[in-house]
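# Breakdown of the fold
Listed below, chain by chain, are the residues.
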Amino acid sequence: MITLGIETSCDETSAAVVEDTGDPARPWRVRSNVVASQEDIHREWGGVVPELSARQHIRDICGVVERALEDAGAPAIDAVAVTQGPGLVGSLLVGLSFAKSFAWARGVPLVPVHHLAGHVESLVLEAGELPMPAVVLVVSGGHTSLFLVRTPGSYETLGRTRDDAAGEAFDKVAKLLRLGYPGGPAIDRLAREGDDRAVRFPKMRLTHVDRNAPELPGRRDFSFSGLKTAVMRHVTARRATLGLAATDPLPPVETRDICASFQRVVVETLLDRLFETAREHHAASVGIGGGVSANSRLRADALSRGQALGIPVVVPNVSLSTDNAAMIAAAGLRRLRAGAAADFDANAEASLAL
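Heads up: these notes are all about the structure in this document. Per chain, the residues get numbers from 1 upward, laid out in the order the sequence is written. With the structure being a predicted model, the display of local features is reserved for residues of pLDDT at least 70 and the display and counting of side-chain atom pairs for 80 or more, all residues being used for whole-chain, interface and lining totals. Excluding hydrogens and water, the side-chain figures rest on all heavy atoms present in the structure.

A separate point is the pairing of strand E5 (residues 110–114). Of all the five residues making up E5, five are buried; the element is thus mostly covered by neighbouring parts of the structure. Remark: exposure states derive from per-residue accessible area (1.4 Å probe, protein chains only) relative to the maximum for the residue type, with buried under 20%, exposed over 50%, and partly exposed in between. Counting from the N terminus, the helices are the DSSP runs of H or I reaching at least four residues and the strands are the DSSP runs of E reaching at least two. The side-chain alternation of E5 yields two buried faces, one formed by Leu110, Pro112 and His114 and the other by Val111 and Val113. In the sheet, strand E4 (residues 79–85) pairs with E5 via five bridges, with the strands oriented parallel. Pairing of Val82 across the sheet is with Pro112, part of E5. Handedness of the crossover joining E4 and E5 through helix H3 (residues 89–106): right-handed. Should DSSP find at least two bridges between two strands, the strands are taken to pair. Here is how to tell: hold the view so the strands point away, follow the path from the first strand over the helix to the second, and if it runs clockwise the crossover is right-handed.

Here's what the structure looks like:
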């Protein structure tokens, strides 16, 4: 079975063609994966502007799908998988509307997919089926979540962020430091030259269940608002001490040290939760997906911890870490294997639950 995947949840317009190989170990094969990024459009505003994002998806969607089909060799499409949510509702509607039209015209099933399920399946695209049970951390600009995967296609939420996602924290700290958008790559680059112990930023400490999600354990949740505030206070104090205006950048050496210290705390927080949870659930493997998994320190430290503990760690390559349609097609194929039927009544859901 060959599936066309479409992803428009935020600021990437993506289409991909993925084939079900029938191989139990490596079930999916990517035949094409095309992504049109909107970074240059949103950089001027320091973050994603939903209206601009939706309008750009409309401009890009036809060309991106045509390119994906061409790169795949123009195969016969057996199904269409599309992101239903979560995400920006206007952006989601562009992809969902296109996918419905394409599937209806071709007479093939339409399979709505949860965006985070796609990130979990990106690990399978990278390394084949994970040893089960697996604990997976999905960490991106909009999401920081922990999932227990007992069997392929099952996703049990164990923890989530209560405020800013890790990617949001990177963007906001980068804005404080006048580093531009997106913040993650800029901080990652400067942190390599900084002292990660130069500034003592706090780690989160959660002592109560999230009242907005009382059904979840709570002790495996994340929070980055306190860390972000600590960085803001430090930067404000240093500008005052140095006699700088609020819009002036700090000296380069201080900026590098702040980046390194901030990044260390974020990475340690993420990996502490991930490996504690893996130990608690006797996980046979762990995985990290989402855009922040492209961070060089997160990847290196995760692999190092896994090696020390004797547990396999899977992190997808960068092209599968950020939002892409190959992972959505894979998640759609997973649903089709489980007997999912076509759903042309599906609507975009900005806060879709997994």
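Our next topic: the sheet that holds strand E10 (residues 313–314). Across the sheet, which stays open at both edges, the five strands sit in the order E8-E7-E6-E9-E10 with mixed pairing between neighbours. Edge positions in the open sheet fall to strand E8 (156–160) and E10, since each of these has one partner strand only. Should any heavy atoms of two residues lie within 4.5 Å, those residues are considered in contact. Throughout, an axis means a line fitted to C-alpha atoms (over the contacting stretch in the case of helices), and angles, computed between N-to-C directions, take values from 0 to 180 degrees. Where helix H4 (residues 115–127) meets the sheet, its contacts fall on strand E6 (134–139), strand E7 (144–149), strand E9 (285–289) and E10, and the angle it forms with E6 comes to roughly 115°.

Our next topic: the environment of Gly46. Among the structural elements, Gly46 can be located in the loop between helix H1 (39–43) and helix H2 (50–71). Overall, Gly46 belongs to the partly exposed group, its relative accessible area being 33%. In this structure the C-alpha to C-alpha distance between Gly46 and Thr247, which are 201 residues apart in sequence, comes to 14 Å.

With 22 residues, H2 ought to run about 32 Å at 1.5 Å a step, and its terminal C-alpha atoms sit 29 Å apart, in line with that. Of all the bends found along H2, the most pronounced is centred on Asp60 and spans about 45°. The complete set of buried residues in H2 reads Ser53, Ala54, Gln56, His57, Asp60, Ile61, Val64, Val65, Ala68 and Leu69. Taken together, the buried residues of H2 touch strand E1 (2–7), strand E2 (12–20), strand E3 (28–37), H1 and H3. Note on H2: the residue one or two positions beyond its end, Gly73, has a positive phi of about 90°. Every helix has an expected span of 1.5 Å times one less than the residues it contains. The reported bend at a residue is simply the angle between two axes, fitted to the 7 residues ending at it and to the 7 residues beginning with it.

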